[in-house]
Amino acid sequence: MKPAIFVDLLHNTGFSPFMGVPCSVFKHFLNYIGDTPQIRNYGCSSEGEAMGLAAGFSLSGRMPIVYMQNDGYGNAINPLSSLQLLYKLPALLLISWRAEPGIEDAPQHGLMGETILQFLDVFGIPYYVLEDDESVLRDRIATAKTHCEKESTPFAFIIKRGYFEPYEQPSSQIYSDLNTRMDYIDLLAKASGSSDILLGATGFSGRELYQSTSHKGKFYMMGSMGCLGSIGLAIAIENPDKRVFVLDADGALLMKMGTMSTIGHYRPGNLIHICFDNRTYESTGGQLTTSTTTDFASLAKACGYASIHSVRTIAEFQPTLANIEQYKNPHFIHIEIWPGTVDGLGRPSDSPEEMKRNLTEFLK
C-alpha cells in the first residue's frame, strides 16, 4: 500500500491527527508523514501518553489516529480501559503485527504476536487485519468511522510487516563533529573491570554492547523499552560491591523518564547511567524523538543524581571515563552521538534465557 494513499483515505474520511510511537513496520508510512508538512503528527514518548493525547483530541471533536507496535499495546492498556473505554472516546488504533503466527521475528515480540488479537477481543475493540487492496481499505476505513461515531470507542487496524510500499526520506540531521555510539561502547568495554556489570537497552545500544565485548557481566535487554534504568537500579542495590553501567538511549529514557527520579531518590553509590542521544528511534527507521528539546543533564541534576557530565566527543569522554572512580554516584553521562551503527549488525545468538542465566551466574 502506498503511504500517500493510506494517509489520504484516512484524512478524507475525517481521521486526524496522527500520534504515537514508531515501529519498523511503519517506517515508510512515517517517512511519508514526516515529508508532508501539512499532516499533523505528534511523536510521543510512550503509547500510554499517546492514548492520553488522543483523548484530548477526542474531547476537542477530533477523530485521532494512534500508531503503536503490538508490544506497545501493553503500555496503552491502562488508558484504553480507564480513559477511552470509560469516557467513550473514539480513536483509530494502527497496531503493527510483529511476530504474527508463522512469521519469524525477534524473541521479545513472540507473546504479543500470538495474543494481540485476543487482547483486542477482551477489551471489546473491533479490528481488521488490513489487506493490500485500496477498495477494501476504503471500506474498512468507512466501517471504522461509523463505529467511532456510533459507539464512541476505539477501532483498530492490524498492520503486517511489508504492508507499506517503500518511501525513503532523506535525513535532515547533520552532526558532523560527533562520534558513533560504537566508538564509546568500545572504549567502555575495554575500560570495564572484571566485576563490572554492563547493561544495554533495547535496540542498537544493547545489540552493539552484546557483540562488541566478551565480558561476562553484560546483558542485552530485549523489548521492555524504558525499563533498563529500573533493572540497573535493583541490580546496583543488591550488588553494592559491583559497578553497574546502564547504557540507555534517548528514546528509551524518554519512555519511562520517571525512573530518573527513582534512581535519584535511592541514590545507589555504584550506578553509572549513560544516555546515548542521537535524537532518533534509530532501530525503527530513524524517526525523530523529542530529545531535541529535552535537557537530560539538567533533568538528572533535578532528579538527584550525584554527578553529571555532558560530552560531545571521544576526547571529552576519555578523561571522564579515566576518572570515573572520583565521581559520586549515581553518575549520569549524557553523550550526543551521530546516528548509525556498524555494518552487518545482527541480533545476539544467545536466547533470552541464556542471557538471564549468564548474568545471574555472574552476579553470584
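Structural data are supplied above this passage.
Okay, so let's go over this structure. Model, not experiment: these values are computed from the prediction.

### Thoughts on helix H12 (residues 296-303)
Residues of H12 that are buried: Phe296, Ala297 and Ala300. Seen end-on, H12 carries its buried residues on one side only, within an arc spanning 105°. Exposed and facing more than 90 degrees away from the buried side of H12 are Lys301 and Ala302. Considering only its buried residues, H12 is in contact with helix H10 (250-255), helix H11 (258-266), strand S10 (271-277), strand S13 (307-311) and strand S14 (331-336). With a side-chain oxygen lying 3.3 Å from the backbone nitrogen of Ala297, the N-terminal cap of H12 falls on Asp295. At the exit of H12 stands Gly304, carrying a positive phi of roughly 105°.

### Section: the nonpolar core
Core analysis: the largest hydrophobic core is formed by 30 residues, its most contacted members being Phe6, Phe15, Phe18, Phe26, Phe29, Leu94 and Ile159. Listed by contribution, the elements that provide at least two residues to this core are helix H1 (3-13), helix H2 (27-34), strand S3 (65-69), strand S4 (92-97), helix H6 (134-151) and strand S6 (155-160). In this structure, Leu228, Ala236, Met260 and Ile263 belong to the second largest nonpolar core, which totals 27 residues.

### A short note on H6
Between its terminal C-alpha atoms H6 stretches 25 Å, which fits the 26 Å expected from 18 residues at 1.5 Å a residue. Within H6, the full set of buried residues consists of Leu137, Ile141, Ala144, His147 and Cys148. Looking down the long axis of H6, one finds its buried residues gathered within 125° of arc, a one-sided arrangement. Looking at H6, the residues exposed on the side facing more than 90 degrees away from the buried face are Asp139, Glu149 and Lys150. If you follow the buried residues of H6, they end up packed against H1, S4 and S6. Note on H6: the residue one or two positions beyond its end, Ser152, has a positive phi of about 55°.

### Some thoughts on the packing of aromatic side chains
Going through the model one piece at a time under the given rule, you end up with 18 aromatic pairs. When the centroid spacing of 5.0 Å and the interplanar angle of 85° are considered together, the rings of Phe6 and Phe164 count as edge-to-face. One end of the pair, Phe6, is in helix H1; the other, Phe164, is in the loop between S6 and helix H7 (181-191), with 158 residues separating them in the sequence. For the residue pair Phe6 and Phe164, the accessibility class agrees, reading buried in each case. Taken together, a centroid distance of 5.9 Å and an interplanar angle of 70° make the contact between Phe26 and Phe29 edge-to-face. With relative accessibility at 0%, the residue Phe26 sits in the buried group. A cation over a ring is seen here: Arg140 above Tyr128, with NZ or CZ 4.0 Å from the ring centre. One residue, Lys242, lies across the ring of Phe362, its end atom 5.2 Å from the ring centre.

### What to know about the side chain of Asn239
Structurally, Asn239 can be placed in the loop between helix H9 (228-238) and strand S9 (244-249). The buried category is assigned to Asn239, whose relative accessible area is 11%.

### Let's talk about the sheet that holds S9
Taken together, six strands build an open sheet; the order of strands is S8-S7-S9-S10-S14-S13 and the sheet is parallel. Strand pairing shows two members of the sheet lacking a second neighbour, strand S8 (218-220) and S13, which therefore form its edges. Taking each pair of neighbouring strands and ignoring which way they run, the sheet shows an average axis angle of 15°. Note that S10 and S14 share six bridges and pair parallel. Along S14, the bridge assignment pairs His273 with Phe332. Against the sheet, helix H8 (residues 204-212) engages strand S7 (197-200), S8, S9 and S10, with an angle of about 145° to S8.

Cut-offs and rules
- Residues numbered from 1 in each chain as written.
- Predicted model: local features only at pLDDT ≥ 70, side-chain atom pairs only at ≥ 80, totals over all residues.
- Heavy atoms only, no water.
- Buried < 20%, exposed > 50% of the residue type's maximum accessible area, 1.4 Å probe, protein only.
- Helix = DSSP H or I, 4+ residues; strand = E, 2+ residues; numbered from the N terminus.
- Arc of directions from axis to C-beta.
- Contact = heavy atoms within 4.5 Å.
- Polar contact = N/O pair within 3.5 Å; in protein donor to acceptor, adjacent residues only side chain to side chain.
- Core = buried A, V, L, I, M, F, W, Y, C linked by side-chain atoms within 4.5 Å.
- Expected span 1.5 Å × (residues − 1).
- Phe/Tyr/Trp six-rings, centres within 6.5 Å; stacked < 30°, edge-to-face > 60°.
- Lys NZ or Arg CZ within 6 Å of the ring centre and 35° of its normal.
- Pairing = 2+ DSSP bridges.
- Axes fitted to C-alpha atoms, helices over the stretch in contact; angles between N-to-C directions.

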